[in-house]
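Each chain is listed here by its residues.
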Amino acid sequence: MKKFSENRSHGKFFLSNAPLFFSIFFITLYYIFLNFLSPALYDSDSYYHVAVSNLIKSYGLRYDFHWAQFSTFKYFFSDKDFLFHLLIIPFLYLSKNIVLAAKLAVVFFNIFFILVYAFILRKYVRPFFAACILIVLTSSYFFSIYFLYLRSITLANIFMIAGIYFLINKKWLVIFILSLLYPLAHISFFTMIIFVFACETIRYLCEKEFFFRNVNAVILGLALGCFIHPNYPNNLLGFYLNGFLVPWYTLNNAGVEFGRELLSSSARYIVLANFSVFFSANIIFWLLLSAKIKVSFPTMVWWACTSIFLVFGFWSNRYWYQVNILFFIFFASFIKDWGLEKYRQRFSRRISILTVAYIGIIFLVSYPALKHRAMSVKDKIFKDIDYENAGRWMNKNIPAGETVYHAFWSDSPYFICLNPKNNYLVILDPIYMYYLSPWLYNLYSDLYKGRIISPVGVLNTVFMVNYGFTNKIAPLYRQIKSDSVNFKILYENRTGVVFKVLSK
């Protein structure tokens, strides 16, 4: 009888959560489909992360990063995504194909994030609304495109939302553990300090309590996490470069050419790409004007954390990933404050129709951004396949130990992943070359822009290379193509060429 009762309760649990389980299953399959739609990875950083995981697998936790010859990595290397790379290593044992291993890792982190996100949503709304929010989240271009990348930001977002949730609920021991691990996973760990003070300030204003254990747990955990990092104290330099200098230089147009994701788009594009956020925020605004809603302490905290990234989103596109993630947890908490569950019991059919209409409007208006997403995916597939082919060609035909020039700093992740027997100039971010030598970085920039009258002289005397790769969109390509005396093109595809420096 007891066993029958337990089975019955389990059956009720799965039945009541069926909408949420279905949405998790559907979204997981959708991103698996997109992930394996391409034989290549979707982002240059993805190649870097799986390459570094493979280096740890081969050489252990500490090794000299000689693959970036003109970068701080050569002298002060720090693996700022160390924990993320450790979690990728098991997938390298599942397949000898490093790209396939990376794709399996993407699936793992996607599922991990979806489950944690669904868990937090369920703390505020019932399964039906949690399922709807999960589906709406996928309408954002920025969320969907970042979700396809093998980047540590997805793991960092798990730490972020879990950290905020446990800060709200005063689980200081769990917060300490998260704060300890966060600095090992991503340089955004310092945001936990902002979150804890925002949370406790709001708690004091709402409940006349300032929970100091949360603050102590965050500060102690973060400090200890930085100290136990295998690359300490180099990790502090890495935090300074990426966490401070990159945003500072970006805001002040310092002349360093960072990735396009650090730039902003037009207001029209931002609204279309994140229409679900702005449309839902408009609904919240009108509800606050038309109904007496007592906004709870958790809702205020989630909004405070969302608003931080919302402000930065208008300066840099990459923050819209976090905006979407935080906003819809805030939305779920607001739904709980509104008491929609009470209305749903009385007007179940009307609420269901309105919810379906809400989702339909979002996807209909978001269609141009979704179409742009499809075009972006197609472009990335062709480009990454070409880079992969160039890297594999180098691995077979360029002698080991050679330093290979590359026109863009974003080229080298592909080659370090697929041709680790050669060295390159700089990887992952131009700040690492610029900080080492602004003069060297400016020369590197002038070279690929075609501003150097005799590029062979710089390649010989400054970078000291015999081989190189340039994308065809770089003006340098035209110089090399027209100078058969000093250069010989060894390999060519749609995207770029591998060349040899003939004269000395």
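Attention in this report is confined to the structure presented alongside it.

**Overview of the layout of surface pockets**
Moving on, step 1. The space that makes up the second largest pocket amounts to roughly 440 Å³.
Moving on, step 2. As for the second largest pocket, its lining consists of 18 residues, of which I283, W338, L354, T355 and Y358 are closest to the centre.
Moving on, step 3. If you list the elements that add at least two residues to the lining of the second largest pocket, you get α7 (127–137), α15 (275–290), α17 (320–338) and α19 (348–365).
Moving on, step 4. By residue number, the principal contributor to the lining of the second largest pocket is α19, which donates six residues.
Moving on, step 5. For the lining of the second largest pocket, the per-class residue count stands at 17 nonpolar, one polar and no charged.

**Focus on the sheet that holds strand β4 (residues 496–501)**
Moving on, step 1. Read from one edge of the open sheet, four strands run β1-β2-β4-β3, paired in mixed fashion. With partners counted over all chains shown, the strands left at the sheet margins are β1 (404–406) and β3 (487–492), one partner each. Averaged over all pairs of adjacent strands, the angle between strand axes in this sheet comes to 25°, irrespective of strand direction.
Moving on, step 2. Pairing analysis gives five bridges linking strand β2 (residues 467–471) to β4, with the strands arranged antiparallel. From the neighbouring strand, N471 faces β4, where its bridge partner is G496.

**Describing empty space enclosed by the protein**
Moving on, step 1. Within the structure shown, the criterion is met by three cavities of 30 Å³ or more.
Moving on, step 2. Counted as a void, the largest cavity has a volume near 90 Å³.
Moving on, step 3. The element contributing the most residues to the lining of the largest cavity is helix α13 (residues 234–251), with four residues.
Moving on, step 4. Here the lining of the largest cavity is built from residues that sort into six nonpolar, five polar and two charged.
Moving on, step 5. A volume near 60 Å³ is recorded for the second largest cavity.
Moving on, step 6. Taken together, T72, F73, F76, F77, S78, K80, N234, L237, G238, L241, N242 and Y432 make up the full set of residues lining the second largest cavity.
Moving on, step 7. Elements with a minimum of two residues in the lining of the second largest cavity: α4 (72–76) and α13.
Moving on, step 8. Its residues assigned to classes, the lining of the second largest cavity shows six nonpolar, five polar and one charged.

**Describing the pattern of salt bridges**
Moving on, step 1. All told, the structure shown has eleven salt bridges when counted by the stated rule.
Moving on, step 2. Among the ionic pairs, E209 bridges to K170, the shortest N-O distance being 3.2 Å. Taken together, the positions of E209 in the loop between α11 (191–207) and α12 (212–227) and K170 in the loop between α9 (152–168) and α10 (172–185) put the pair 39 residues apart, joining distant regions of the chain.
Moving on, step 3. What makes E209 partly exposed here is its relative accessible area of 26%.
Moving on, step 4. Measuring nitrogen to oxygen at the nearest pair gives 2.3 Å for the salt bridge that ties K449 to E257. Of this pair, K449 sits in the loop between α23 (438–448) and α24 (455–461) while E257 sits in the loop between α13 and α14 (267–273), and the two are 192 residues apart along the sequence.
Moving on, step 5. By relative accessible area, which is 30% here, E257 ends up partly exposed.
Moving on, step 6. Each member of the salt-bridge network shares a partner with another, and the members are D43, D45 and R151.

**Some thoughts on the packing of aromatic side chains**
Moving on, step 1. The full count for this structure, using the stated rule, is 68 aromatic pairs.
Moving on, step 2. Considering the side-chain rings of F275 and F279, the 5.3 Å spacing of their centres and the 15° angle between planes classify their relative orientation as stacked. In this pair, F275 and F279 are both assigned in helix α15, four residues apart and thus about one turn of the helix distant.
Moving on, step 3. Here the aromatic rings of Y387 and Y414 are separated by 4.4 Å at their centres, their planes lie at 15°, and the arrangement is stacked. Residue Y387 is found in helix α20 (residues 367–397), and its partner Y414 is found in helix α21 (residues 412–418); the two are separated by 27 residues along the sequence.
Moving on, step 4. One aromatic cluster is present, formed by Y30, Y31, F113, Y117, F143, Y146, F147, Y149 and Y321 through successive ring pairs.
Moving on, step 5. A cation over a ring is seen here: K57 above Y93, with NZ or CZ 4.9 Å from the ring centre.

**Quick notes on the pairing of β3**
Moving on, step 1. Relative to β4, β3 runs antiparallel, the two sharing five bridges. From the neighbouring strand, F487 faces β4, where its bridge partner is V501.
Moving on, step 2. Counting the residues in the hairpin turn of β3 and β4 gives three residues.

**A closer look at α12**
Working note: α-helix, 3.6 residues per turn, so residues spaced by three or four point in the same direction.
Moving on, step 1. Between the first and last C-alpha of α12 there are 23 Å, a value that for 16 residues agrees with the 22 Å anticipated at 1.5 Å per step.
Moving on, step 2. Looking at α12, one finds that the buried residues are N214, V215, A217, V218, G221, L222, G225 and C226. Each buried residue of α12 sits inside an arc of 165° when the element is viewed along its axis, so together they form one side. Along α12, the residues that are exposed and aim more than 90 degrees away from the buried face are F212, R213, L220 and F227.
Moving on, step 3. Elements in contact with the buried residues of α12: α9, α10, α11 and α13.

Analysis parameters
- Residues numbered from 1 in each chain as written.
- Predicted model: local features only at pLDDT ≥ 70, side-chain atom pairs only at ≥ 80, totals over all residues.
- Heavy atoms only, no water.
- 1 Å grid on protein atoms, 1.4 Å probe; cavity = no way out; pocket = protein on both sides within 12 Å on 5 of 7 lines; lining within 4 Å.
- Points joined across faces, edges and corners; volume = space filled by probe spheres on them.
- Helix = DSSP H or I, 4+ residues; strand = E, 2+ residues; numbered from the N terminus.
- Nonpolar A, V, L, I, M, F, W, Y, C, P; charged D, E, K, R; others polar.
- Pairing = 2+ DSSP bridges.
- Axes fitted to C-alpha atoms, helices over the stretch in contact; angles between N-to-C directions.
- Salt bridge = Lys/Arg side-chain N within 4 Å of Asp/Glu carboxyl O.
- Buried < 20%, exposed > 50% of the residue type's maximum accessible area, 1.4 Å probe, protein only.
- Phe/Tyr/Trp six-rings, centres within 6.5 Å; stacked < 30°, edge-to-face > 60°.
- Lys NZ or Arg CZ within 6 Å of the ring centre and 35° of its normal.
- Expected span 1.5 Å × (residues − 1).
- Arc of directions from axis to C-beta.
- Contact = heavy atoms within 4.5 Å.

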